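# Reading the structure
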Amino acid sequence: MASPFSFLRAGPPPPRVAPLPDGVFFTRAVPITAGATAAEAATQVELALEASSPFPLAQLYYGWFWAAGAEHAFVFASYRRRFTTDQAAEWQDAELVMPAFATVFGAEVSPATTIILSSAEGLTAVHWDAPPVPAKVLFQPVAAEATDEDRAKARDELLRGFDGSRKVIDVTSPLVADAAQSDRELVFRSGDFVSRLPAAVAANLDVRDKAELAALRAARSRDIILWRVTMACAATLLLLLLGEFALVGGKAWQNVRLRQVRAQKPAVEKIMASQEMARRIDDLATKRLLPFEMITQLFDENRKPAEIKFQTVIASTADLHSLRVDGLSTNADQVNVYLATLRAVPTIARVENVDFRIRGNAANFTILVTFKPDALKAAETIVSQ
Amino acid sequence: MIRTLRVYFLTRQLREKVLLLGFILFATVWWLWAYSGRANRFWRDQRSTTLTLKEQRQWLDNRLSIETAAQKAASRLDPSQTLDRLRLASAVTQAANESGLRNTTSNPLPSQTNGQFTVHSVDFQAINANYEALLQFYLKLHKRAPYIGVEKFQLNSNANDESKLTLRLVVSAVEIPR
């Protein structure tokens, strides 16, 4: 299933291509060493061109077609002075400047195929011994007022220039750039005839000054990045818009639930009150706070030294078996003796010294005495000491 | 449409491209920031509501067992011996008087009810009493258990006279309608 955001990834529009007349270019197949990289192929192409051209490279408009793994590259070049300054100025906005015949280089052809291209200036034949790189390109000028018979004669003459063509394709109207699926390819079309060129390969077809081209490509890459960031932002904005709708829907749903919470609240509070009531009734009926019984355990059997006085004793049903005692001792050493005595009492589970402050010979202390559950029994009478 | 926009964008001057991108980037970041805050709040609210509803559902599902537990707890008590607010205050005061406590105060605390049963509480204080009297008072209250219970206990000795004590109790009783 196609992504709902696929339209944001729509391929590029047809590139602006400036096709140059085929007749002004000399062409040649240049051998490339096996396993060469694209950069090595470019170097070999330029060396071969320098060796075979009567002009230095700086005075040529040249380009080449080579596919990775191919044993040769197809090179085309033209003396720069064959183009006027005005003509060259028109290429300023073009994304690709190349001879018209180069548009068919991306065609899917079988071995020994020849494509005949018609133009106002004449006929061009592009021949492949073995695809993908063409072996030869021949141009036969034909006058505009020439008859069909003259054109047929010129066509036959062109075909005789090749060793043999098992298949001949006549493309009667020039190929024009078409929209591609992505930035990674260029598409040329004439009726049903389609030629697809990878962008990296097509870049070498451009005949303009290579330094200028490098700058143009850098600017184009930058622009593409800017465009993609813009598109990413647009997609995010679209998602945010959907998110806003989701939030509106979510808030409506949340309001329904809040109404439910409010509607249930009185019933729930009543149940909670019942629970609390059950707990308190149960506490009253079964859990009895026995503070005096606990205090008696602290005094009993003369456990408490005479130097120790209790100031505050606190107990509550929240901690049913504990007693907190704040006291004062006129002899600080006696506190530890007393704590040791209490720890030995069988009904006492734990004695914690929460606070202990010495002032001279006296000491203030706070202890937390925890009794063993069920160790104390409610007394009918308690003997005071 | 996107192709047309792309052509429009790519054919602008560089500064126009940067400006366009700047605007859209600013709008995106601003909206994203604002949205994330609101979305966070919504998420927290809905999560809290979900938890509240879940908790309420648990309470409602347990209604029968809780009410049964309350009934069961109450069934341990004889309704005729349970005390209302006045009878509780009176019982505490009577126990204090019978124990010889004179300097006392007794303040009723707010009652708690579930509609069927009511728990009454009294904040009782006896000042400058001797230990023996307080002990007698405590034992008298204990005799009324479980109809009267001590929930909080605090005993303070007088700084000037150690034999004088101040007792503060929170005493509670359940009232079950007969």
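Residues numbered from 1 in each chain as written. Chains lettered and ligands numbered in written order. Predicted model: local features only at pLDDT ≥ 70, side-chain atom pairs only at ≥ 80, totals over all residues.

## A look at the overall build of chain B
Helix and strand counts for chain B stand at five helices and four strands. Scanning chain B from its N terminus toward the C terminus, one meets helices and strands in the order α-α-α-α-β-β-α-β-β. Per-residue burial for chain B yields a buried fraction of 26% across its 178 residues. Look at the contacts in chain B between residues 6 or more apart in sequence, and 65% of them connect residues 24 or more apart. (Helix = DSSP H or I, 4+ residues; strand = E, 2+ residues; numbered from the N terminus. Buried ≥ 20, exposed ≤ 12 C-beta atoms within 10 Å, placed from the backbone. Contact = placed C-beta atoms within 7 Å.)

## Side note on the overall build of chain A
Across its full length, chain A holds seven helices and 16 strands. Across the 385 residues that make up chain A, the buried fraction comes to 27%. Across chain A, the fraction of contacts at a sequence separation of at least 24, relative to all contacts at a separation of at least 6, is 59%.

## Observations regarding helix 2 (residues 14–61) of chain B
The end-to-end C-alpha distance of helix 2 of chain B, which contains 48 residues, comes to 67 Å, matching closely the 70 Å that a straight helix rising 1.5 Å per residue would cover. By the criterion of burial, helix 2 of chain B is predominantly exposed, with just two of the 48 residues buried. (Expected span 1.5 Å × (residues − 1).)

## Notes on the sheet that holds strand 11 (residues 185–190) of chain A
Residues and elements named next belong to chain A. Sheet architecture is open: three strands sit in the order 10-11-12, paired in antiparallel fashion. Sheet topology places strand 10 (176–178) and strand 12 (193–198) at the edges, where each strand pairs with a single neighbour. Pairs of neighbouring strands in the sheet enclose a mean axial angle of 35 degrees, with direction left out of account. As paired elements, strand 10 and strand 11 share three bridges and run antiparallel to each other. The residue of strand 11 that forms the bridge with Ala177 is Phe188. (Pairing = 2+ DSSP bridges. Axes fitted to C-alpha atoms, helices over the stretch in contact; angles between N-to-C directions.)

## Description of the confidence of the model for chain B
All names here are of chain B. Per-residue pLDDT for chain B averages 90, and the proportion of residues at 70 or more is 99%. For chain B, the element scoring lowest by mean pLDDT is helix 1 (residues 2–10), at 83; helix 2 scores highest, at 95. Interface confidence for the predicted complex, given as ipTM, is 0.75, next to a pTM of 0.57. (pLDDT = per-residue confidence, 0-100.)

## So, the pairing of strand 1 (residues 104–113) of chain B
Remember that side chains alternate between the two faces of the sheet whenever the strand is regular. Residue and element names in this part refer to chain B. Two strands pair when backbone bridges link them, and strand 1 and strand 2 (residues 118–129) are joined in this way by eight bridges, in the antiparallel orientation. Residue pairing for strand 2: Thr104 is matched across the bridge by Ala126. Turn length for the strand 1-strand 2 hairpin, with the two strands adjacent in sequence and antiparallel, is four residues, and the turn residue Gly115 shows positive phi of about 100 degrees.

## Observations regarding the packing of helix 5 (residues 210–286) of chain A against helix 1 of chain B
In a pair of packed helices, the angle between the axes and the distance between the axes together describe the arrangement. Packing of helix 5 of chain A against helix 1 of chain B leaves a shortest axis separation of 10 Å and a crossing angle of 130 degrees. Judged by the inter-axis angle, helix 5 of chain A sits oblique to helix 1 of chain B. For the crossing formed where helix 5 of chain A meets helix 1 of chain B, the hand is right-handed. In contact with Asp223, Trp227 and Thr230 of chain A of helix 5 of chain A, helix 1 of chain B contributes Arg6, Phe9 and Leu10 of chain B. (Parallel < 35°, antiparallel > 145°, perpendicular 65-115°, else oblique. Left-handed = near helix turned anticlockwise from the far one by under 90°.)

## A short note on the interface of chain A and chain B
Between chain A and chain B, the residue contacts involve 58 residues of the former and 60 residues of the latter. Where the side of chain A that touches chain B is concerned, the elements lending two or more residues are helix 5, helix 6 (291–299) and strand 13 (308–316) of chain A. The biggest single contributor to the side of chain A that touches chain B is helix 5 of chain A, with 35 residues. In the side of chain A that touches chain B, the residues fall into 35 nonpolar, 15 polar and eight charged. (Nonpolar A, V, L, I, M, F, W, Y, C, P; charged D, E, K, R; others polar.)

## Brief notes about the nonpolar core
If you look at the biggest cluster of nonpolar residues, it comprises 55 residues, and the most contacted ones within it are Ile281 of chain A together with Leu134 and Val171 of chain B. Ranked by residue count, the leading element in this core is strand 4 (residues 165–175) of chain B, at six residues. Membership of the second largest hydrophobic core comes to 49 residues, among which are Leu49, Tyr62, Ala107 and Ile116 of chain A. (Core = buried A, V, L, I, M, F, W, Y, C linked by C-beta atoms within 7 Å.)

## Here's the deal with the environment of Val122 of chain B
Residues and elements named next belong to chain B. Relative to the helices and strands, Val122 is located in strand 2. Val122 sits 33 residues away from Ala89 along the chain, and the two C-alpha atoms are 6.7 Å apart. Those residues in contact with Val122, other than ones at most four positions away along the chain, are Leu88, Ala89, Val92, Ser106, Asn107, Pro108, Leu109 and Val171.

## Structural notes on unusual backbone geometry
Negative phi is the rule for most residues except glycine; trans is the rule for most peptide bonds. Between Pro131 of chain A and Pro132 of chain A the backbone carries a cis peptide bond, its omega angle lying at 10 degrees. Considering the arrangement of structural elements, one finds Pro132 of chain A in the loop between strand 7 (122–128) and strand 8 (136–141). Along the chain, Ala145 of chain B connects to Pro146 of chain B via a cis peptide bond; the corresponding omega equals 0 degrees. Positioned with a positive phi, Asn128 of chain B is a non-glycine residue whose angle comes to about 50 degrees.

## Thoughts on the pairing of strand 4 (residues 72–79) of chain A
Residue and element names in this part refer to chain A. The buried fraction of strand 4 amounts to seven of the eight residues, a majority that puts the element mostly inside the structure. Pairing of strand 2 (residues 26–31) with strand 4 involves six bridges; the strand directions are antiparallel. Within strand 4, the residue paired with Val30 across the bridge is Ala73. Here six bridges tie strand 3 (residues 60–65) to strand 4, and the two strands are oriented antiparallel to one another. Following the sheet pairing, Phe65 is matched in strand 4 by Phe74. What sits between the antiparallel neighbours strand 3 and strand 4 is a turn of six residues, in which Gly69 has the positive phi angle 95 degrees.

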